[in-house]
Amino acid sequence: MSPSASVSDPLDDPLALLRGRGFVQDVTDGAALAARFREGRVTYYVGFDPTAPSLHVGNLMGIMAMAWLQRAGHRPIALAGGATGRIGDPSGRDSERELLDEERITANLVGIRRQLGSILDLSTPEAGLLLDNHDWLGRFSFLGFLREVGVHASVNQMVAREAVKRRLEAREQGLTFTEFTYQLLQAYDFAHLAAEHGCVLQGGGSDQWGNITAGIELTRKLHGIQVFGVVWPLLTTEDGEKLGKSAGNSVWLDPERTSPYAYYQYWLNRADAELERLLLAFTFLPRAEVTELAAAHASDPGAREGQRVLAREATRILHGDEGVAAAERATDVLFGDAPFAGVSDAALADAFGEAPSKELARGRLDEGLGLLELLVELGAARSNGEARRLVEQGGVRVNNAAVDDASRRLGPDDLAGATTLVVSVGRKRHHLARFV
């Protein structure tokens, strides 16, 4: 049997499709959910709290799972947590989240909605919905919520959930009442969406299992509706640390925060051992093609063809063909021997993120800026004399091009990007001059 015949993406069996792409770590009543899929179109949802102006690469597991189900003919609800984002989910955290003000939450929601709509088809209500849970949770009074929701909540079950139990046992951090009630808010989201929009499936990262099962139980008690949950593995760093907005290790989906070049490099530098899993989860390549690509890569891992395909396809989903072209062009230039030219300032900043940089007046380039003067001003040399020796000894490069003329004057044509010029001393010492 050929690889393509044995490893197709079964769009007519959505649960098998999700399993095959690596989106199922656990599922509630898998047999009943598979039967529900066979009955017809399923509405499902995943929530995203607006705790930052952008989603990050860890959120992509959920977005890609939603996109695959939509390709199989089912309807997504992308839920922006305008209400729950005001509280903060304690799941997977050892400390309380910062409570955001209304202005920041509103601004964050704008960016998140744009990113969700760029991957999912949310053009019509029939195709998919983009909702904000503040629209219904914001209408509750405190007493009203206690009467409608709190009366159905078992404190014993709430305390027994792993995320709550861990924080309660950590004496230094503890758990606030606000965080403790988060699971009730998310549970009510599921019940509301089931009753109002026919939503029968909630997806989330593995740290959401307790919140999801709470929603299943509340939906049954409030409306007598059977609903389901599925969780996928969390995307982690190589050290096993969760990727997240507040963890300080985010790769952002917003190109203003993580440029297409840096995003491309993130995928290009993934380890061989995780390559097939990432190709399945973060590209739309057919499983057959992924299997063949993984086998070819294993026979010649040094060529890193698998990583190049992963970087190209993952970047295309988020930034389009134009973003892929810009990222690959910058990669070829910055990692080749040719002089740097036509590279974006963002790509240069990402590529030389550890290098010292300095802002200088743009007019100085128009007048012609002496190379020796620039070397001293950037801190690459302590004096004009030292700068002269470095140049005459062949140790200085401007935008990766060797310079041996100590009298050289630099002008606008010497910029590698719109405002940036890279000065290198030797192969490892780099300085960025930004002319603004």
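Here's what I pulled together on the structure shown here. (Residues numbered from 1 in each chain as written. Predicted model: local features only at pLDDT ≥ 70, side-chain atom pairs only at ≥ 80, totals over all residues. Heavy atoms only, no water.)

Quick look at the overall build of the chain
- The secondary structure content of the chain amounts to 20 helices and 13 strands.
- The 436 residues of the chain split such that 52% are buried.
- Sequence separation of 24 or more characterises 73% of the internal contacts of the chain that already satisfy a separation of 6 or more.
- For the chain, the computed accessible surface area is about 19,900 Å², with 49% contributed by carbon and sulfur atoms.
- Averaging the positions of the 46 positive and the 59 negative side-chain charges in the chain gives two centres separated by 2 Å. (Helix = DSSP H or I, 4+ residues; strand = E, 2+ residues; numbered from the N terminus. Buried < 20%, exposed > 50% of the residue type's maximum accessible area, 1.4 Å probe, protein only. Contact = heavy atoms within 4.5 Å. Areas by Shrake-Rupley, 256 points an atom, 1.4 Å probe, with all protein chains shown as cover. Lys, Arg positive; Asp, Glu negative; His and termini not counted. Charge placed at Lys NZ, Arg CZ, Asp CG, Glu CD.)

Here we look at the sheet that holds strand S2 (residues 43–48)
- The 6 strands are arranged S1-S6-S5-S2-S3-S4 in an open sheet whose pairing can be described as mixed. Edge positions in the sheet fall to strand S1 (26–27) and strand S4 (129–132), since each has one partner strand and no second.
- Where helix H5 (residues 102–119) meets the sheet, it contacts S2, strand S3 (75–80) and S4, and its direction lies at approximately 165 degrees from that of S4.
- With respect to the sheet, helix H11 (residues 182–197) is in contact with S2, S3, S4, strand S5 (199–205) and strand S6 (228–232), its orientation differing from that of S5 by roughly 150 degrees. (Pairing = 2+ DSSP bridges. Axes fitted to C-alpha atoms, helices over the stretch in contact; angles between N-to-C directions.)

Some points on the side chain of Asp345
- Note on placement: Asp345 falls in helix H17 (residues 345–351).
- Side-chain polar atoms of Asp345 contact the backbone nitrogen of Ala418, separated by 3.2 Å.
- In this view, Asp345 contacts Gly417, Ala418, Thr419 and Thr420; residues no more than four positions away in its chain are not counted. (Polar contact = N/O pair within 3.5 Å; in protein donor to acceptor, adjacent residues only side chain to side chain.)

Remarks on the sheet that holds strand S7 (residues 357–360)
- Taken in spatial order, the 5 strands line up as S7-S13-S12-S9-S10 in an open sheet, and their pairing is mixed. The sheet terminates laterally at S7 and strand S10 (401–402), the two strands that pair on one side only.
- Pairing geometry for strand S9 (residues 396–398) and S10, over 2 bridges, is antiparallel. Bridge pairing in S10 places Arg397 opposite Ala402.

Focus on the pattern of salt bridges
- Tallied over the full model, the rule gives 15 salt bridges.
- One salt-bridge network, in which partners are shared between bridges, spans Glu217, Arg220 and Lys221. (Salt bridge = Lys/Arg side-chain N within 4 Å of Asp/Glu carboxyl O.)

What about the nonpolar core?
- Phe23, Leu60, Ile63, Leu201, Trp267 and Phe282 are the most contacted members of the largest nonpolar core, which has 90 residues in total.
- Sequence-distant contacts of Trp267, defined by excluding residues within four places in its chain, comprise Val57, Leu60, Leu278, Phe282, Gln307, Leu310, Ala311 and Ala314.
- By size, the runner-up hydrophobic cluster in this structure holds 24 residues, among which are Leu371, Leu372, Leu374 and Leu421. (Core = buried A, V, L, I, M, F, W, Y, C linked by side-chain atoms within 4.5 Å.)

Remarks on the packing of aromatic side chains
- Applying the stated criterion to the full structure yields 8 aromatic pairs.
- Between Trp68 and Phe284, the aromatic rings sit 5.6 Å apart at their centres with planes inclined by 65 degrees, giving edge-to-face as the arrangement. Note that Trp68 is positioned in helix H4 (residues 60–71) and Phe284 in the loop between helix H14 (275–282) and helix H15 (287–299), a separation of 216 residues in sequence.
- Judged by centre distance (5.0 Å) and plane angle (45 degrees), the ring pair of Trp267 and Phe282 falls under tilted. Within this pair, whereas Trp267 is found in helix H13 (residues 260–268), its partner Phe282 is found in helix H14, the two being separated by 15 residues in sequence.
- Accessibility expressed as a relative area gives 0% for Trp267, which makes it buried.
- Taken together, the ring pairs connect Tyr263, Tyr266, Trp267 and Phe282 into an aromatic cluster.
- Against the face of Trp68 rests Arg71, its NZ or CZ located 5.6 Å from the ring centre. (Phe/Tyr/Trp six-rings, centres within 6.5 Å; stacked < 30°, edge-to-face > 60°. Lys NZ or Arg CZ within 6 Å of the ring centre and 35° of its normal.)

Overview of the environment of Glu359
- Examined against the element boundaries, Glu359 turns out to sit in strand S7.
- Spatially, the C-alpha atoms of Glu359 and Pro76 are 46 Å apart, while their sequence positions differ by 283 residues.

Some points on helix H3 (residues 30–39)
- Within H3, burial applies to Gly30, Leu33, Ala34 and Phe37. The buried residues of H3 occupy one face: seen down the axis, they fall within an arc of 100 degrees. The exposed residues of H3 that point more than 90 degrees off its buried face are Ala31, Arg38 and Glu39.
- On its buried face, H3 sits against helix H2 (14–20), S1, H4, S5 and S6.
- Just downstream of H3 lies Gly40, where phi reads positive at about 150 degrees. (Arc of directions from axis to C-beta.)

Coordinates in, geometry out; function isn't part of it.
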